[in-house]
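# Results of the structural survey
So you can see what is in the structure, the chains are spelled out below.
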Amino acid sequence: TLDLDNIQGDVLSGLPKKTQTYFFFQITDVKLFRSQLTQFVPLVKTTAQVLKDRKTIEDHKKKGDKTLIPMSSVNIAFSHKGFAQMGVDDSTLDDTDFQNGQRADAFNLRDNGTGGQNDFVPDWDPAFMQDIHALIFVSGDSHKSVNKKMQQVKDIFGVGSTKTSIKEVKTIVGDVRPGKEAGHEHFGFLDGISNPSVIGFDKNPQPGPKQIQSGALILGHEGDPNLSSRAPWVVDGSFLAFRYLFQNVLEFDNFLRDNPVPLAGLTPEEGSELLGARLVGRWKSGTPIDLAPFKDDPEISKNPHENNDFRFTAEGQFQKICPFAAHVRKTNPRADLEDPPISASLQKRRITRRGVQFGPEVTKEERKAGKTIEGRGLLFACYQTSIEDGFAFLQKSWANEPTFPPGAAPKIPGLDPLIGQGDRKLIGTDPNNPDVELPMPEFVVSRGGEYFFSPSLKGLRETIAM
Ligand code: N7H
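Residues numbered from 1 in each chain as written. Predicted model: local features only at pLDDT ≥ 70, side-chain atom pairs only at ≥ 80, totals over all residues.

### Topic: helix α8 (residues 143–156)
The α-helix winds at 3.6 residues per turn, so residues separated by three or four positions along the chain end up facing the same way. Taking 1.5 Å of rise per residue, 14 residues should cover 20 Å, and α8 covers 20 Å from first to last C-alpha, within 8% of that figure. Listed as buried for α8 are S145, V146, K149 and M150. Down the axis, α8 shows its buried residues gathered within 125° of arc, on one side only. Phi turns positive, to about 65°, at G158, one or two residues after α8. (Helix = DSSP H or I, 4+ residues; strand = E, 2+ residues; numbered from the N terminus. Expected span 1.5 Å × (residues − 1). Buried ≥ 20, exposed ≤ 12 C-beta atoms within 10 Å, placed from the backbone. Arc of directions from axis to C-beta.)

What follows is the structure, given as structure tokens:
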């Protein structure tokens, strides 16, 4: 069974949020930090508390009250450099990508930059070129609630006073988009629909991908690939991969406009909309194209019994319905790997995503210029029991790998059109001429990130704080 009082709230349930502040920092005075941490730990929101918060929000909504309840939640995670700085032995975390850190992985992730394997300098925000020891993030209903909580946290660590133990590296504020765009990322697509359903936690799973064992997400449980060797303090923790991803929204829109799918009966606008849906694998409404191939049916996205119930096995498949390279097919290939001839379990490749948008809405000036001027995108964050098997594998071996999924052979599907890095082209966008190759500019640009570990409450209290 899962100890919901011991697992940080973001991992299994996601902290409720309209806005979220990420505070990346270095630990400058280890002794002081570890003692101040004892005051901080009681603030950390657990899974049990998040479930309670969610019920409060639900009840409030049921009463027809549209105002938001003032609420905030804090979680914390450490990088390997952070554990090393504190002298905490994290060897049983046993994950090469985590140990090396994301900056050392940037070349393999194919982020932009200069130099080769051994002298690579990624083109990242300067903050992420520095060592980051830890991340504290605060979510809430409003900037007011979040800032208040953030100030409480900073006071504990003495930020701004002479008795501080930490040094800020970067603060990033993310916000759910306004009005009807709430829940949609900056390209306009509804996000957060398909996250793995966890055995023993999600009691009423909706039809969709197979449920995963809790150990695919939480260390020290059935399904954890290193179950037998974990030190007790890492049990109930989870790895958190963070990526600072900028989105070129105007360029994405221009690309759709210039390359409408030439399907008979569609206006150019409808052809452009279809191209967008075929790049993602879902319409902007969230409806999977596997269930509504050539025309959106927004009702499907609203129905949780339907909106994730597809496997890329619809009749006439082989790219007619959904390109092999479509973002949701590349990152969760479902039947492409689960069914014969491959028949693999996808369990260790499932990640739980918790992102939030950052940056302003597209401005009038940008619309007029037809190009991106302001920085905006996704603060991508996902949990898994292994960075190597999870996020890093999906990015390197699936999204960036033109031959994936292998069932497409001898055809070469190409790159994930959103996040694929390398020789950016794909096939399959035109249902009637699926071999036509479409080269693409870069729509998503990585400007940094780090690999973290989100410890349990017990791990924080008994091993890290002192
Ligand atoms: Fe993706 N997007 O808005 O187009 N993603 N993603 N992602 N993504 C998904 O099913 C998006 C990124 C996954 O189970 C949806 O919830 C954007 C990275 C996975 O069917 C949409 C960015 C990685 C899934 C987007 C981005 C992933 C998924 C459909 C970057 C991992 C679930 C909504 C700016 C390496 C697949 C949904 C499944 C879904 C978008 C990044 C992975 C709309 C804009 C870096 C596993």
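### A closer look at the nonpolar core
Ranked by size, the top nonpolar core spans 103 residues in total, and within it L135 and L240 carry the most contacts. The greatest single-element share of this core, amounting to seven residues, is contributed by strand β7 (residues 238–247). Viewed by domain, this core spans two of them, domain 1 (9–245 + 449–464) and domain 2 (247–349 + 361–380 + 387–447), each represented by three or more residues. Beyond its immediate chain neighbours, meaning those up to four positions away, L240 contacts A77, A381, Y383, F452, F453 and S454. (Core = buried A, V, L, I, M, F, W, Y, C linked by C-beta atoms within 7 Å. Domains from an automatic or database assignment. Contact = placed C-beta atoms within 7 Å.)

### Structural notes on the site of the ligand
Taken together, 28 residues sit near the ligand, with F189, I193, S194, T331 and N332 positioned nearest. Counting residues per element, the ones that place at least two in the shell around the ligand are β7, α12 (327–331), β10 (377–384) and α15 (391–399). With four residues, α15 is the largest single contributor of residues to the shell around the ligand. By residue class, the composition of the shell around the ligand is 15 nonpolar, eight polar and five charged. Residue contributions to the shell around the ligand reach at least three from each of two domains, namely domain 1 (9–245 + 449–464) and domain 2 (247–349 + 361–380 + 387–447). (Near = placed C-beta within 6 Å. Nonpolar A, V, L, I, M, F, W, Y, C, P; charged D, E, K, R; others polar.)

### Regarding unusual backbone geometry
Excluding glycine, residues mostly carry a negative phi; peptide bonds, for their part, are mostly trans. Residue P341 is reached from P340 by a cis peptide bond, and omega for that bond is 5°. Locating P341 in the fold gives a position in the loop between α13 (335–338) and β8 (352–353). Here A409 and P410 are connected by a cis peptide whose omega angle stands at 5°. On the secondary structure map, P410 appears in the loop between α15 and β11 (425–427). The backbone of D94 sits at a positive phi, close to 45°, despite the residue not being glycine. Here D94 shows up in the loop between α4 (80–86) and α5 (96–100). Judged by the 16 C-beta atoms lying within 10 Å of it, D94 is partly exposed.

Honestly, that's just the spatial picture; any functional story needs more than this.
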